[in-house]
Structure formats: structure tokens, C-alpha cells
Amino acid sequence: AQSVTQLDSHVSVSEGTPVLLRCNYSSSYSPSLFWYVQHPNKGLQLLLKYTSAATLVKGINGFEAEFKKSETSFHLTKPSAHMSDAAEYFCVVSDHPLSGTYKYIFGTGTRLKVLA
Amino acid sequence: DAMVIQNPRYQVTQFGKPVTLSCSQTLNHNVMYWYQQKSSQAPKLLFHYYDKDFNNEADTPDNFQSRRPNTSFCFLDIRSPGLGDAAMYLCATSSGTSGGYEQYFGPGTRLTVT
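Computed from a predicted model, the values in this text were never measured in an experiment.

A. Layout of unusual backbone geometry. Residue and element names in this part refer to chain B. Residue Pro8 is reached from Asn7 by a cis peptide bond, and omega for that bond is -15°. Positive phi outside glycine occurs at Asn28, with the angle close to 60°. Locating Asn28 in the fold gives a position in the loop between strand 3 (19–25) and strand 4 (31–37). Phi angles above zero are rare outside glycine, and Asp51 is one such case at about 50°. Locating Asp51 in the fold gives a position in the loop between strand 5 (44–50) and strand 6 (53–56). With a relative accessible area of 35%, Asp51 lands in the partly exposed category.

Below, the structure written as C-alpha cells:
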């Protein structure tokens, strides 16, 4: 069974300071992991993905995440926050294709607030 | 360049009046999904198709139905909308066979029930 836990429901940072959004996962297989961003009243946009290649994954808009199997974590980071980063962020895990299902399990989301 | 298209973007319906939401894709993906997302919550999977193979989530109300007449299109029918069905409805696709296995999301349809 798969599960994902986003450890913070809200994170506030000042513009120009680092961002850390935390995600822990559980999976019976070697998982695929994703971070999506959602701006108000918009669909979800893929920031980055891990699919068993390099453990440090770089995404769009300066975001990156590191897959740590020993810690079952996939935390999202950015060195310097921008006002436009204010949004909801979802960590997502999938066992597909190894599990034979096509489901993606969403975390509960982290709302990032960027202070001027 | 649009890949997952949802129509309409905003839909207002009356309590109990059937409504259909539409999703189309230009990615030729095998898998299509419908999610319901309420304010400040994660998307909740309603059902998904692998080709024409329909998979319903156990807790999806019977009031919600879906059709996938071909690879490109998928519809969400709400037979008798209640006030609790007001939400953002998101359509998504995934390859199902190759690539990075990520989902591609449409912009969503905001449903209001009056």
C-alpha cells in the first residue's frame, strides 16, 4: 500500500529566503514521486518527478527535491523564494507500473506563503 | 499546445439538475482520471479509465457516472447534483505504458450548485 504525508499544512517564508516543504512516503514497491504546484483556481502543474534515476531531481522555477530511501523522504527545496511561488504544493506517490495499478496518492498539501 | 482541455471552465447548475463535464486530451494517453477537489483539500479520485476499462473508487457516490467514448474524450455526469457536489473537477491523463508516468492535468471545471 502507498501513502504520503506532508508534514506541514502551512509554510511561511520571506521573499529571498530558502523554501523547504517536507514529504514522507510509504510504498510497497520502488515508487515514483512527484511534486505538483497549484495556484488558486488553476489545475495542477508538475514541478518535478523522481522515477528511479538520479536521487537529486531538478525541476522548473528553481525547485529541486532529493529522494532519500533510508528516510523515505522526498522534500522539496528552493534556495530563494519569490512572491510568485505562493501556492499550494502537493507531494504525490505512485507504485505504477510495478503494482499494476494506475493510481496516484496525494498528500494533503502544503500552502506556501511568501512574505514581502 | 493545449494537452488536457476541460469544458466548460465554470458551470452553474441547479440542485438536482443533471450536468455533464467534458475532458479531452491531445496526448493519446491510455489512462484518464476524474478528481473532485474541494476548497483547501487535495484532489480526490472519483474514477479512472485504462483505455475503456473503467475503475470506480469504492467511495465514489452512485450519483457520479463517467463515459469514455474514445481515447481522446472522457465525460463526467452528475445525475442529481447536491449542494455538497460544488467543487473543482479536475481531469488528468497519464501514459500508462511509458515515459515518466506523471499525470497531466487540465485547468479544471468549477461547478457551482444553486
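B. Spotlight on the interface of chain A and chain B. Each partner contributes to the interface: chain A provides 21 residues, whereas chain B provides 25 residues. Taken over both partners, the interface formed by chain A and chain B buries close to 1,800 Å², and the fraction arising from carbon and sulfur atoms is 56%. Summed over the three residues of chain A that lose the most area to chain B, namely Asn41, Tyr102 and Tyr104 of chain A, the buried surface amounts to 31% of that side. Across the chain A-chain B interface, the total number found is two salt bridges. For the salt bridge of Glu57 of chain B with Lys103 of chain A, the shortest nitrogen-to-oxygen distance reads 3.0 Å. Run the count over chain A and chain B and you get seven residue pairs in polar contact (both at pLDDT 80 or more). For the side of chain A that touches chain B, the secondary-structure elements that each account for two or more residues are strand 5 (32–38) and strand 6 (44–50) of chain A.

C. Inspection of the packing of aromatic side chains at higher detail. Inspection of every chain in the model, using the stated rule, returns 18 aromatic pairs over all chains. Ring plane angle 40° and centroid distance 6.3 Å describe the contact between Phe34 of chain A and Tyr36 of chain A, whose orientation is recorded as tilted. Pair check on accessibility: Phe34 of chain A and Tyr36 of chain A agree, each one buried. Both rings, one in Phe47 of chain B and one in Phe54 of chain B, keep their centres 5.4 Å apart while their planes meet at 45°; by these two values the pair is tilted. On the basis of relative accessible area, Phe54 of chain B is assigned to the partly exposed category, the value being 35%. By way of ring pairs, the aromatic residues Phe34, Tyr36, Phe90, Tyr104 and Phe106 of chain A together with Tyr33, Tyr35 and Phe105 of chain B are connected into one cluster.

D. How the structure looks around the state of the cysteines. The full count for this structure, using the stated rule, is two disulfides over all chains. Across the disulfide from Cys23 of chain A sits Cys91 of chain A; the S-S distance is 2.0 Å. When the S-S torsion is -70°, as for the bridge of Cys23 of chain A with Cys91 of chain A, the disulfide is left-handed. Of the two residues, Cys23 of chain A is situated in strand 4 (residues 23–26) and Cys91 of chain A in strand 10 (residues 87–94); the sequence distance between them amounts to 68 residues. The two residues Cys23 of chain A and Cys91 of chain A agree in class, both being buried. Note that Cys23 of chain B is cross-linked by a disulfide to Cys91 of chain B, the S-S spacing being 1.9 Å. Residues Cys23 of chain B and Cys91 of chain B are joined by a disulfide whose S-S torsion is about -75°; by sign, that bridge is left-handed. Separated by 68 residues along the polypeptide, Cys23 of chain B in strand 3 and Cys91 of chain B in strand 9 (residues 87–94) bring together distant segments of the chain.

E. Here's a closer look at the side chain of Gln25 of chain B. Residues and elements named next belong to chain B. Residue position: Gln25 is located in strand 3. Among the polar contacts listed, one links the side chain of Gln25 to the backbone nitrogen of Asn28, at a separation of 3.1 Å. Among the polar contacts listed, one links the side chain of Gln25 to the backbone oxygen of Thr71, at a separation of 3.0 Å.

F. Representation of the environment of Cys91 of chain A within the structure. Residue and element names in this part refer to chain A. The class of Cys91 is buried, set by a relative accessible area of 0%. Taking the C-alpha atoms as reference points, Cys91 and Phe74, 17 residues apart in sequence, are found 8.3 Å from one another. Among all residues touching Cys91, those that are not within four sequence positions of it are Val4, Gln6, Cys23, Phe34, Trp35, Ile105, Phe106 and Gly107.

Scoring rules and cut-offs
Residues numbered from 1 in each chain as written. Chains lettered and ligands numbered in written order. Predicted model: local features only at pLDDT ≥ 70, side-chain atom pairs only at ≥ 80, totals over all residues. Heavy atoms only, no water. Helix = DSSP H or I, 4+ residues; strand = E, 2+ residues; numbered from the N terminus. Buried < 20%, exposed > 50% of the residue type's maximum accessible area, 1.4 Å probe, protein only. Contact = heavy atoms within 4.5 Å. Buried area = accessible area lost by both parts, 1.4 Å probe. Salt bridge = Lys/Arg side-chain N within 4 Å of Asp/Glu carboxyl O. Polar contact = N/O pair within 3.5 Å; in protein donor to acceptor, adjacent residues only side chain to side chain. Phe/Tyr/Trp six-rings, centres within 6.5 Å; stacked < 30°, edge-to-face > 60°. Disulfide = S-S within 2.5 Å.

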